[in-house]
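# Topology and contacts: notes
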Amino acid sequence: MATASLAKPFISGLLPENRTARLAMQVGLAIVGTLFLTLTAKTKVFLGPVDISLGTLGIFLIAALFGSRLGLATILLYMAEGAAGLPVFQSSPEKGVGLLYMMGTTGGYLAGYVVAATVVGLAADRGWDRNPFKIGAAMVAGEVAIMGLGFAWLAMLIGSETAFTAGVVPFLLADAIKVALAASLVAAIRALRA
């Protein structure tokens, strides 16, 4: 139990001790994190009837490496950028920008990103990022939150049967692969500092 209370997310070991320098670096990391999230959201893999973005992979990596506070702050900054009209999301600007885009069919998934970042970040704060199976379990819980909120929002817009067959089923295999990849990457990055 003492190990869990002493655990810190990966990034905390790289931050300076000076309070001002630490805050400046955290702000810089959050901005770089939103750029990384934009890049992963815009990276699409075409599989069958739907295109799969790497956005959830980005969410999981940021949350696991940054921890709950900085990870959540990064995700919220990303959401604020999107709400302000910056084309940071997967299908923006093609399918709209700003709050209109966020209230569309992807709105529930975006809300799920916030929940997933919190769950995975809290797991990293407790040292779960040192074990690929533990952080992987947290990522699975985060994925359930993303899919659950995405499905619920879509069901309100297009009905539950269509929401499930179009908004959940086509993504299950790809998202399982992204969880496994993210957990493996976090464990590999953590091993570099061991």
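For the structure, check the block above.
Residues numbered from 1 in each chain as written. Predicted model: local features only at pLDDT ≥ 70, side-chain atom pairs only at ≥ 80, totals over all residues. Heavy atoms only, no water.

### A word on helix 5 (residues 107-125)
So the rule is basically this: Think of it this way: any DSSP run of H or I at least four residues long counts as a helix, any run of E at least two long counts as a strand, and we number them from the N terminus. Here, expected helix span is obtained from the residue count minus one, scaled by 1.5 Å.
Helix length check: helix 5, at 19 residues, gives a terminal C-alpha distance of 27 Å against a target of 27 Å (1.5 Å per residue), a fit within 8%. Where helix 5 ends, the next residue or the one after it, Gly127, has phi of about 90 degrees, a positive value.

### Remarks on the pattern of salt bridges
It is possible for side chains bearing opposite charge to pair when their charged atoms get close. The following threshold applies: In what follows, salt bridge is the name for a side-chain nitrogen of Lys or Arg lying within 4 Å of a carboxyl oxygen of Asp or Glu. Burial classes follow relative accessibility: with a 1.4 Å probe on protein chains only, a residue under 20% of its type's maximum area counts as buried, one over 50% as exposed, and anything between as partly exposed.
As enumerated under the stated definition, the model contains three salt bridges in all. Between Arg130 and Asp129 there is a salt bridge, and its shortest N-O distance comes to 3.3 Å. According to the relative accessible area criterion, Asp129 is buried, its value standing at 0%. In this structure, Asp175 engages Lys178 in a salt bridge whose closest nitrogen and oxygen atoms are separated by 2.9 Å. A residue pair is termed a helical-turn pair when its members lie 3 or 4 positions apart in one helix, as Asp175 and Lys178 do in helix 8 (residues 172-192) at three residues. Taken as a pair, Asp175 and Lys178 share a single burial class, namely buried. What you see here is one network of salt bridges that share partners, running through Asp129, Arg130 and Arg190.

### Overview of the environment of Gly13
Mapped onto the fold, Gly13 is located in the loop between helix 1 (2-6) and helix 2 (19-42). Judged by its relative accessible area of 46%, Gly13 falls in the partly exposed class. Sequence-wise, Gly13 and Arg193 are 180 residues apart; in three dimensions their C-alpha atoms are separated by 9.2 Å.

### As for the side chain of Thr74
The condition that has to hold: Contacts between residues were defined by any pair of non-hydrogen atoms, one from each residue, lying within 4.5 Å.
Tracing the backbone through its elements, the reader meets Thr74 in helix 3 (residues 55-83). Excluding anything up to four places from it in sequence, Thr74 contacts Ala30, Gly33, Thr34, Leu37, Ile62 and Phe66.

### Looking at the nonpolar core
When a protein is soluble and globular, its nonpolar side chains tend to lie buried together. We count it as follows: Nonpolar cores were defined as sets of buried Ala, Val, Leu, Ile, Met, Phe, Trp, Tyr and Cys residues, with membership established by side-chain atoms within 4.5 Å.
The biggest cluster of nonpolar side chains holds 46 residues, and the ones touching the most others in it are Phe60, Ile75, Met79, Phe89, Ile135 and Met139. Mapped by element, the contributors of at least two residues to this core are helix 2, helix 3, helix 4 (98-102), helix 5, helix 6 (132-158) and helix 8. Excluding residues within four positions of it along the chain, Met79 makes contact with Phe89, Met102, Leu110, Tyr113 and Val114.

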